Each structure stands twice: as C-alpha cells, then as structure tokens.
Amino acid sequence: MSLPPVQISTLAQLTGGQDWKLSLAHDRPAHMLIWLTRGQGRLLLNGTRRGVGTHNALSIPAHTLFSLEMGRQSMGLAAVIPDGTDVRLPDGPRQLRMRDVTAINELTGLLEAAQREANTGRALSQDALDAHVLLMSVWLRRQIAEPEHLPQPMNAAARLSAAFCKRVAAHHAQGLTMADHAAALNVTATHLTRACKAATGRTAADLLTERVLHAARSALIETDVAIQDIARHLGFGSAAYFTRFMQQHTASTPTALRKSARG
C-alpha cells in the first residue's frame with residue numbers, strides 16, 4: 001500500500017481556524033516538522049511543557065503526544081511526513097531553539113521551496129517534495145548533533161510524565177482511567193497527578209481528557225461515523241455518557257458540533 005503524500009502547510013492551514021486542533025494534547029499518525037517564524041507560545045512535548053518562540057524547530061515523531069498553543073499573530077510552516085517513509089528522521093521528539101543565521105536561512109529556504117512545489121501541482125511534485133524532506137532530515141540531524149542542542153537531563157517527575165504521555169497516545173481509546181494508567185506505571189494516582197502537574201502544568205486526568213476530546217472532535221468533524229459508534233470506539237459506555245462528556249468540555253452536543261463545523 002502506498003504512503004500518503006508529504007504535505008506542507010502554514011500553521012493557519014494546519015488548524016483550519018480551529019485552534020483546538022493544535023492546542024489540545026494529541027498525537028498524529030505522521031511525523032511533523034514545525035518551524036515557527038513569528039510569535040511565542042507554549043509547547044507540550046515529551047511529557048514536559050516549555051515556552052516556544054521565533055526560530056524554534058519542533059521535530060515530533062508519529063504517535064507522540066504534544067500540544068502547541070500560539071498567539072494569534074504567530075506564523076510558521078509545517079511539514080507532515082507519513083510514517084513508514086525511507087527518510088531518516090530523529091527517533092525522539094526535539095525542540096531546537098535556533099540562533100545560527102545560516103542554519104535558520106537553510107531551513108526557511110527548504111520549507112518555502114517545498115511549499116512552492118506543493119502549490120504548483122507540477123508533474124513529479126511528490127518526488128520533489130520527497131527530496132526536500134530528505135534535505136530537511138539532514139538539516140535536523142546536523143543540528144541535533146550540535147553541542148548546544150544536546151537534550152537536558154529529565155528529573156523523575158518529567159520521566160514519569162513522559163511515560164504517562166506515551167501511554168495516553170497509545171491507549172486513549174480504550175476507556176482506561178487515569179488510575180488505570182497509574183497502576184500500569186506502578187505508581188499511585190496521586191503521585192502520577194503531582195508529577196504531571198509539575199512537568200506540564202496539567203494533571204494526568206487533564207491530559208487524558210484532552211486526548212479523548214481531540215479524538216472525539218476530529219471524528220465528529222472529519223468523518224461521517226455515527227455518534228454512537230464514535231462513543232463506542234473511544235471507550236464510552238453509552239452515547240448518552242459521550243454526549244454529557246462533550247457538553248461538559250465544549251458546551252455543545254456532538255450533533256451540534258458536527259453541524260456547526262460543516263455549516
């Protein structure tokens with residue numbers, strides 16, 4: 001089976017005007033390279049929350065829990081790279097705060113050239129995009145090898161938070177509670193909550209809720225799957241329970257959210 005095409009978009013195109021698509025904790029089936037060219041915000045990645053700003057490069061492997069909250073005036077470009085590609089990409093999530101002007105111009109040029117190629121629709125455009133992505137991967141691996149970009153050691157709270165985030169990405173649709181995840185990690189629910197709060201500013205329950213909420217909103221807007229089937233897929237005991245969950249967190253019913261998005 002052939003892989004989906006590489007996609008290049010602006011941050012605005014990536015969200016389609018729906019900020020929750022990036023601001024809620026979630027994971028994606030594809031690798032992402034996000035290059036921020038203006039603005040500041042907050043990033044959840046690898047179980048920790050940190051600030052982000054202009055000329056930050058975010059390498060986010062497929063199925064990695066993350067969220068990105070940026071101000072209204074922020075700008076950036078994103079490359080969405082299908083999982084299973086032959087291109088060598090970093091194994092772990094990384095945030096690179098770039099200061100070297102040459103390196104900044106190199107990545108900006110690569111992404112802008114890829115964006116132009118994606119917008120032309122010329123013959124062999126996907127082959128050209130694949131070549132651009134290969135050069136981006138070389139850029140990433142070169143920068144990661146630089147001493148100033150070596151990752152900082154994680155404390156115990158951050159390591160536990162990262163382990164929990166991996167579980168949330170993998171098991172969010174199984175109806176597991178935060179206490180279930182804590183037991184699987186061999187810690188108490190209270191300890192897990194404190195660790196996540198310290199590392200991310202959100203409780204473990206908050207992170208789990210956000211991931212389920214993102215999946216629910218995506219399914220409602222992007223598919224025609226029946227609401228009761230979405231509820232079942234996400235581990236809710238009934239469509240009524242799912243409706244109460246959505247009303248609590250969005251102030252709208254699933255039906256109203258679907259109609260509003262398509263209206």
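Data block above holds the structure.
Residues numbered from 1 in each chain as written. Predicted model: local features only at pLDDT ≥ 70, side-chain atom pairs only at ≥ 80, totals over all residues. Heavy atoms only, no water.

## Regarding the overall build of the protein chain
From N to C terminus, the protein chain includes 11 helices and 8 strands. Here the C-alpha radius of gyration of the protein chain, 19 Å, is about what a compact globule of 263 residues would show, namely 18 Å. Its C-alpha atoms give the protein chain principal-axis dimensions of roughly 55 × 45 × 40 Å. The buried share of the protein chain, taken over its 263 residues, is 47%. Here the analysis covers contacts within the protein chain between residues at least 6 apart in sequence; of these, 72% occur between residues at least 24 apart. Carbon and sulfur atoms provide 51% of the accessible area of the protein chain, an area that totals close to 13500 Å². In the protein chain, the 28 positive side-chain charges and the 20 negative ones have mean positions that sit 8 Å from each other. (Helix = DSSP H or I, 4+ residues; strand = E, 2+ residues; numbered from the N terminus. Rg over C-alpha atoms; globule rule 2.2 N^0.38 Å. Buried < 20%, exposed > 50% of the residue type's maximum accessible area, 1.4 Å probe, protein only. Contact = heavy atoms within 4.5 Å. Areas by Shrake-Rupley, 256 points an atom, 1.4 Å probe, with all protein chains shown as cover. Lys, Arg positive; Asp, Glu negative; His and termini not counted. Charge placed at Lys NZ, Arg CZ, Asp CG, Glu CD.)

## What about the sheet that holds strand β2 (residues 30-38)?
Within the open sheet, the 5 strands sit side by side as β1-β7-β2-β5-β8. Their pairing is antiparallel. Edge strands, defined here as strands with exactly one partner in the open sheet, are β1 (7-10) and β8 (94-97). Taking the axes of each pair of neighbouring strands and ignoring which way they run, one obtains an average angle of 15° across the sheet. Of the pairings in the sheet, the one linking β2 to strand β5 (residues 56-60) comprises 5 bridges and is antiparallel in character. If you follow W35 over to β5, its bridge partner there is A57. (Pairing = 2+ DSSP bridges. Axes fitted to C-alpha atoms, helices over the stretch in contact; angles between N-to-C directions.)

## Considering the packing of helix α8 (residues 204-222) against helix α11 (residues 254-262)
The interhelical angle for the contact between α8 and α11, taken along N-to-C directions, is 55°, at an axis separation of 8 Å. On the basis of the axis angle, α8 is oblique to α11. Once α8 is placed against α11, the crossing between them reads as right-handed. Note on element contacts: α11 touches α8 through P254, L257, R258, A261 and R262, opposite R217, A219, L220, I221 and E222. (Parallel < 35°, antiparallel > 145°, perpendicular 65-115°, else oblique. Left-handed = near helix turned anticlockwise from the far one by under 90°.)

## Looking at the pattern of salt bridges
Under the counting rule described, the total for this entry stands at 7 salt bridges. D27 serves as the salt-bridge partner of R211, at 2.7 Å between the closest nitrogen and oxygen. With R211 in helix α8 and D27 in the loop between α2 (20-23) and β2, this residue pair connects regions lying 184 residues apart in the sequence. D27 shares its class with R211; the two are buried. Residues R202 and E69 are paired through a salt bridge, measuring 3.2 Å at the closest nitrogen-oxygen approach. Separated by 133 residues along the polypeptide, R202 in the loop between α7 (189-200) and α8 and E69 in strand β6 (residues 66-70) bring together distant segments of the chain. For R202, a relative accessible area of 9% corresponds to the buried category. (Salt bridge = Lys/Arg side-chain N within 4 Å of Asp/Glu carboxyl O.)

## Focus: α11
Helical periodicity: at 3.6 residues per turn, an α-helix aligns residues three or four positions apart in one direction. By the burial criterion, the buried members of α11 are P254, L257 and R258. Here the buried residues of α11 occupy an arc of 95° about the axis, which is enough to place them on one side. Seen from the buried face of α11, the exposed residues on the opposite side, beyond 90 degrees, are K259 and S260. Its buried side turned inward, α11 meets α8, α9 (227-233) and α10 (239-250). (Arc of directions from axis to C-beta.)

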